[in-house]
Amino acid sequence: MSDPLKSRVVRHSPATGTGSPDVWGIYEPDTGSIQYICADPATKKAALIDVVWNFDHRNYRFSTESMDQVLDLVRENGLEVVWVLDTHPHADHVMASAQLKERIGAPNAIGALVPEIAGIWADLYNLPDAFDPDRDFDRLFAEGETFKFGELDMKIMLSPGHTLGSITYLCGDAAFVHDTLMQPDVGTSRSDFPGGKTSELWDSIQDILALPGDTRLFVGHDYGGPDRDEPMWEATVAEHKAHNKHVKDGTDRDEYIKLRQERDATLPLPNRILAALQVNLRGGRLPQAEDDGHRYLKLPVNRFD
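Bear in mind the structure is a predicted one, so any value in this text is a computation, not a measurement.

Draft legend 1. How the structure looks around the side chain of Asp86. Checked against the element boundaries, Asp86 lands in the loop between strand S7 (80-85) and strand S8 (94-95). No salt bridge forms around the buried Asp86; measuring N to O, its nearest opposite-charge neighbour Arg285 is 9.7 Å away. Once you skip the residues sitting within four places of it in the chain, Asp86 turns out to touch Asp50, Val51, Met95, Ser97, Ala109, Ile110, Ile167 and Tyr169.

Here's what the structure looks like:
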C-alpha cells in the first residue's frame, strides 16, 4: 500500500453557498506543502495560491511536476486563472509564481511588507541589489485591501509572526492561513526565521480565530499527525478553537509563547531555505546567467546558529 504522505493527494472542498468559493487542495509530498485553487463557482474564475516550483535540493535541479498538476486540475474543471498569489516568501519550497505568470499570463501578487523581508535577507546574503519585489510582483497587497475575481471578493489580512510580511487571503467562508496554524492535532507553525516573532504569530492566530466559526481554514503545510499518517489541511475555526493543541480556547498567551519558542529552538533550518529565498525574493526567478551561461546561488556560511 502506498504512503499517502509520499503521494500527491488532491481534495475538493465545495462551495457552501453564495459568496463561497470552490477550493482544491493539492498536497506536494517532498515539502509537505499544500497548494490551492480558489475558484468562483459562477464564473469559473480562479486564483492559484502558494504553488510549488519543484526543487531537488540534493542535485540543485528544478522541475515543474507540481505546477503541471495544478494546471491540469484547472483545465479539467474548466477554470480560468486570473491571479497567481503567494502568502509569503516561503522558506521550505520555491514558489512557482514567475513560472505560472509566464505560462498563463495572470498577474502575480504577495504582501506589501515583503520588501522589508527582502532587506533582511539581502543583508544576510550580502546581495544589496538582488531583490526588488516591486519589480517582480504585479501587486503588493496591504492589510485590508480587497479585490475581485469573478463574483467573489478576496480580502487581505496581515498575519505576521512566521515572517513579518505574511498575509492571509480571506474569500467568503474560506481563509488561506499559510504558516500560522497547522492542523489541530499538530498545533501551529514556527516563528524563528529572521523577521519572525512569536508574539506576533499569537496575535495573528487570534485574529484568524476571531472569524466566524464555520470559516474553513486552509493551512500551508502538513506532515501527518501523532495518530495520523495521511495529509490533512482543512479545519474550521470552531474545530481549531476546540481542539488545536497549541491555541485552543483557554490557552494562555505567555504559555504559548514559551512553548513555541522552546520548540523552535530545537528546529534546524529547512533544507531548502537558503536556496529557496534567493529565488522567492525574486518572485520565483533565478538570478541572471553569468558569463558562462549558467545561473548560480549564493550560500552564507556561519550566519545561523
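Draft legend 2. Main features of unusual backbone geometry. The phi dihedral of Lys44 falls on the positive side, at around 70°, and the residue is not glycine. When you line up the elements, Lys44 lands in the loop between strand S3 (33-39) and strand S4 (45-49). In this structure Lys44 comes out as partly exposed when scored by relative accessible area, which is 36%. Even without being a glycine, His178 presents a positive backbone phi close to 45°.

Draft legend 3. Spatial organisation of the UniProt feature "domain: Metallo-beta-lactamase" (unreviewed entry) in the protein chain. With numbering aligned to this structure, UniProt lists the feature "domain: Metallo-beta-lactamase" (unreviewed entry) at residues 32-221. Its end C-alpha atoms 5 Å apart, residues 32-221 is made of 25% helix and 32% strand.

Draft legend 4. Spotlight on the pattern of salt bridges. Tallied over the full model, the rule gives 20 salt bridges. The salt bridge partner of Arg303 is Asp123, with a shortest N-O separation of 3.9 Å. A residue pair is termed long-range when its members are at least 10 positions apart, and Arg303 in the segment after helix H8 (273-280) and Asp123 in helix H3 (residues 114-125) qualify at 180 residues. Judged by relative accessible area, Arg303 falls into the partly exposed class, the value being 40%. In this structure Asp123 comes out as exposed when scored by relative accessible area, which is 53%. A single salt-bridge network, built from bridges that share partners, covers Arg135, Asp136 and Arg285.

So, how was this worked out
- Think of each chain on its own: its residues are numbered from 1, step by step along the sequence as written.
- The predicted origin of the model limits local features to residues at a pLDDT of at least 70 and limits the giving and counting of side-chain atom pairs to 80 or more, whereas totals for whole chains, interfaces and linings rest on all residues.
- Derived side-chain values reflect all non-hydrogen atoms in the structure, with water molecules and hydrogen atoms excluded from consideration.
- Secondary structure elements are taken from DSSP: a helix is a run of H or I of four residues or more, a strand is a run of E of two residues or more, and numbering for both begins at the N terminus.
- Only protein chains enter the accessibility calculation, which uses a 1.4 Å probe; a residue whose area is less than 20% of its type maximum is buried, one above 50% is exposed, and one in between is partly exposed.
- A positive count includes Lys and Arg, and a negative count includes Asp and Glu. His and the chain ends are not counted in either.
- Definition used for salt bridges: Asp or Glu carboxyl oxygen within 4 Å of a side-chain nitrogen of Lys or Arg.
- In what follows, residue pairs with any heavy atoms lying within 4.5 Å of each other are defined as contacts.
- UniProt positions are given in the numbering used here, feature names are shortened, and annotations may be inferred rather than shown by experiment.

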